[in-house]
Amino acid sequence: MDNGLLKTPPMGWMAWERFRCDIDCKDDPENCIREDLFRDMADRLVEDGWKELGYEYVIIDDCWMSMLRDEHGRLQPDPFRFPGGIAKLARYIHDRGLKLGIYADMGTHTCMGFPGTTLDTINIDAQTFASWGVDYLKFDGCSSNPIEQMLGYPLMSKALNATGRPMAYSCSWPVYVGGLPPKVNYSLLGDICHLWRNYVDIQDSWDSVQGIVEWFSNNQDDLQPAAGPGRWNDPDMLIIGNFGLSVDQARAQMALWAIMAAPLIMSNDLRNLDNSARFILQNKVAVAINQDSMGIQGRRLLQEKNHIEVYWRPLSHSASALVFLSRRTDMPSLYHTSLAKLKYDTGNYEAYDVFTGSTVTGLNATTQFTLSINPSGVVMWYLGIYADMGTHTCMGFPGT
Ligand code: A2G
């Protein structure tokens, strides 16, 4: 949606993948969906360096609601798990310079069976969220039919705008109609939503990450042109820091989400994150590539027979990013190539290896180079043009 919000993909934290619908605050007080969990995550975002990198949204997912609307027909939070109410939680989050997201569902019930938003309650729900100070709405689509969705998603967009409060609008609509044209109209989605979920929910495994990347790449001709400032495809949350990914696989998720101009919305436990996950998620160059101001989504360029794949994204200042992904399961593979083989023009380049910090200078398009790529791992390069006319090259080396 072109109203000035989300000029770059949103960054933040969302409860769902890691904390699901845990409402057992008696036996699992640390992990249940309640206001303390969101306050804890807000504290971590501010105190552990996330906010300054751009991770700013704290997003409540399903299972925050009371089973009943209030006497005015408004949604209300579960009184035991959110005793202070959402407005107070929003103040806590705003006081720390962060933004609050919330979840609702176009349909009779949310996916976990809490009260849904039907066509007749769209306006009141949008007004309720605005009155609480919500900054972001994830609008799911369980328990509705395609006609209700076709009416409801645009109506919610209008209703949010009519509140006068700027709220980012995330639409799960495409998932419920198969994710692809002609059933999904991506130009309409780009007009009414800031981001949208295209495909199945992510789970805590490399299989799940790979399946998502494969689907997005196989369908990139339909999906890639739909993205741009204010309108983003959403392959779902970052699961880095949980239980399912090795360090190499975590780097791969970060690299591929950066290439795909995907929302960087983590779902992990920021209170217990190991340093390797933290370094990957806080990698400044990976984040900068994801947040590039041109907002052009990248593409898979090549699938080699030996299960090495190459992904590419054009970036501002004539720079670009390359990701070399190994989908092999044997040993580190040597990959021989040149920039010319990857369709680069003649010129002099320098490459910065995003995860090792090493630099390769003196590359021209025909220079042959060899990379070693770990199984289910990546090498990620930020590529600048070398020897610009100016005082410094794009990477800060002496210029001409
Ligand atoms: O409901 C759906 O499965 C959501 N999926 C998932 O992200 C989570 O919100 C869950 C909560 O019950 C989509 O929005 C596509």
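Described in the following lines is the structure provided in the data block.

Calculation notes
- Residues numbered from 1 in each chain as written.
- Predicted model: local features only at pLDDT ≥ 70, side-chain atom pairs only at ≥ 80, totals over all residues.
- Heavy atoms only, no water.
- Disulfide = S-S within 2.5 Å.
- Helix = DSSP H or I, 4+ residues; strand = E, 2+ residues; numbered from the N terminus.
- Buried < 20%, exposed > 50% of the residue type's maximum accessible area, 1.4 Å probe, protein only.
- Near = heavy atom within 4 Å.
- Polar contact = N/O pair within 3.5 Å; in protein donor to acceptor, adjacent residues only side chain to side chain.
- Nonpolar A, V, L, I, M, F, W, Y, C, P; charged D, E, K, R; others polar.
- Pairing = 2+ DSSP bridges.
- Axes fitted to C-alpha atoms, helices over the stretch in contact; angles between N-to-C directions.
- Contact = heavy atoms within 4.5 Å.
- Parallel < 35°, antiparallel > 145°, perpendicular 65-115°, else oblique.

This part is about the state of the cysteines. Throughout the structure, instances matching the rule amount to four disulfides. Here Cys171 is linked by a disulfide to Cys193, with a sulfur-sulfur distance of 2.1 Å. Judged by the sign of its S-S torsion, about -95°, the cystine formed by Cys171 and Cys193 is left-handed. On the criterion of sequence distance, the pair formed by Cys171 in strand E5 (residues 168-171) and Cys193 in the loop between helix H7 (186-192) and strand E6 (195-197) is long-range, its members being 22 residues apart. You can call Cys171 buried: its relative accessible area is 0%. Classification of Cys193 by relative accessible area gives buried; the value is 0%. In the protein chain, the bonded cysteines, taken in the order they occur along the sequence, pair up as 1-4, 2-3, 5-6, 7-8.

As a further point, take the site of the ligand. Around the ligand sit 13 residues in total, of which Asp61, Asp62, Lys138, Ser172 and Asp201 are the nearest. Asp62 is positioned with one of its side-chain polar atoms (N or O) 2.8 Å from an oxygen atom of the ligand. Contact distances for the ligand include 2.7 Å between an oxygen atom and a side-chain N or O atom of Lys138. Those elements giving two or more residues to the shell around the ligand turn out to be strand E4 (136-140) and helix H6 (173-176). Each residue belonging to the shell around the ligand can be placed in one class, and the counts come to six nonpolar, one polar and six charged.

The subject of this paragraph is the sheet that holds strand E11 (residues 320-326). Pairing in this open sheet of six strands is antiparallel, and the strands run E9-E10-E11-E16-E13-E14 from one edge to the other. At either end of the open sheet lies a strand with only one pairing partner, and these are strand E9 (299-303) and strand E14 (359-364). The sheet shows a mean angle of 25° between the axes of neighbouring strands, direction not considered. Here four bridges tie E9 to strand E10 (residues 308-314), and the two strands are oriented antiparallel to one another. Considered in E10, the bridge of Arg300 is made with Tyr311. Across the sheet, helix H8 (residues 206-218) is in contact with E9, E10 and E11; its angle to E9 comes to roughly 100°. Contacts from helix H10 (residues 247-259) reach E9, E10, E11 and strand E16 (378-385), with the element oriented near 140° to E11.

In the contact formed by helix H2 (residues 35-47) and helix H3 (residues 85-95), the axes pass within 10 Å of each other and the chain directions differ by 10°. As far as their axial angle goes, H3 and H2 are roughly parallel. Contacts between H2 and H3 involve Glu35, Phe38, Arg39, Ala42 and Asp43 from the former and Gly85, Leu89, Tyr92 and Ile93 from the latter. Of the residues contributing to the contact of H2 with H3, the split by class is five nonpolar, one polar and three charged.

For the bond from Pro181 to Pro182, the omega torsion is 5°, close enough to zero to count as cis. Secondary-structure assignment places Pro182 in the loop between H6 and H7. Residues other than glycine seldom take positive phi values, yet Ala261 does so here, at roughly 50°. Its location among the elements puts Ala261 in the loop between H10 and strand E8 (264-266). A relative accessible area of 1% places Ala261 in the buried class. A positive phi angle is found at His307, which is not glycine, with a value near 70°. As for its placement among the helices and strands, His307 is situated in the loop between E9 and E10.

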